[in-house]
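# Observations on chain architecture
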Amino acid sequence: MTRFCFVAYAVSILVFIVLAVKVVNVRSKCTGEKAKISKLVSEIKSLKDENSRLVVEFYREVRPEIVDKETKDMKILHENEVKYLK
């Protein structure tokens, strides 16, 4: 009977160690993926800002009179605001 208890304890400890290693491995992968996602989000934001800047520059070069005439009455809108035109 004591031999069975010893084997059961040894197996329990072994299973616990294997599960702990798997949990640590999954958590480290999640941390790595979170870092990748954060990097991609910041890259998307910088590309979006660059695109906005290039669009303005493009219209200044192509048709500067339109940009000047249209932008003097415009209000600066944030990303979640909408301006309805009549």
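One structure accompanies this document, and this report is about it. Keep in mind that what you see is a predicted model, and the values were worked out from it rather than measured.

Rules of the game
- Residues numbered from 1 in each chain as written.
- Predicted model: local features only at pLDDT ≥ 70, side-chain atom pairs only at ≥ 80, totals over all residues.
- Heavy atoms only, no water.
- Helix = DSSP H or I, 4+ residues; strand = E, 2+ residues; numbered from the N terminus.
- Buried < 20%, exposed > 50% of the residue type's maximum accessible area, 1.4 Å probe, protein only.
- Areas by Shrake-Rupley, 256 points an atom, 1.4 Å probe, with all protein chains shown as cover.
- Salt bridge = Lys/Arg side-chain N within 4 Å of Asp/Glu carboxyl O.

### Looking at the overall build of the chain
Summing up its helical and strand segments, the chain has two helices and zero strands in all. Across the 86 residues of the chain, 1% fall into the buried class. For the chain, the accessible area works out to roughly 8900 Å², and carbon and sulfur atoms hold 66% of it.

### Some details on the pattern of salt bridges
Here the idea is simple: oppositely charged side chains can pair when their charged atoms come close. Within this structure, the stated rule accounts for three salt bridges. Its salt-bridge partner being K36, residue E33 comes within 3.5 Å of it at the nearest N-O pair. Residue E33 and its partner K36 are both found in helix α1 (residues 2-62); the two are separated by three residues, about one turn of the helix. Relative accessible area serves as the criterion here: at 51%, K36 is assigned to the exposed category. Taking the shortest distance from any N to any O, the salt bridge between E50 and R53 comes out at 2.7 Å. Of this pair, E50 and R53 both sit in helix α1, separated by three residues, roughly a single helical turn. Exposure remark for E50: the relative accessible area of 34% places this residue in the partly exposed category. What makes R53 partly exposed here is its relative accessible area of 41%.

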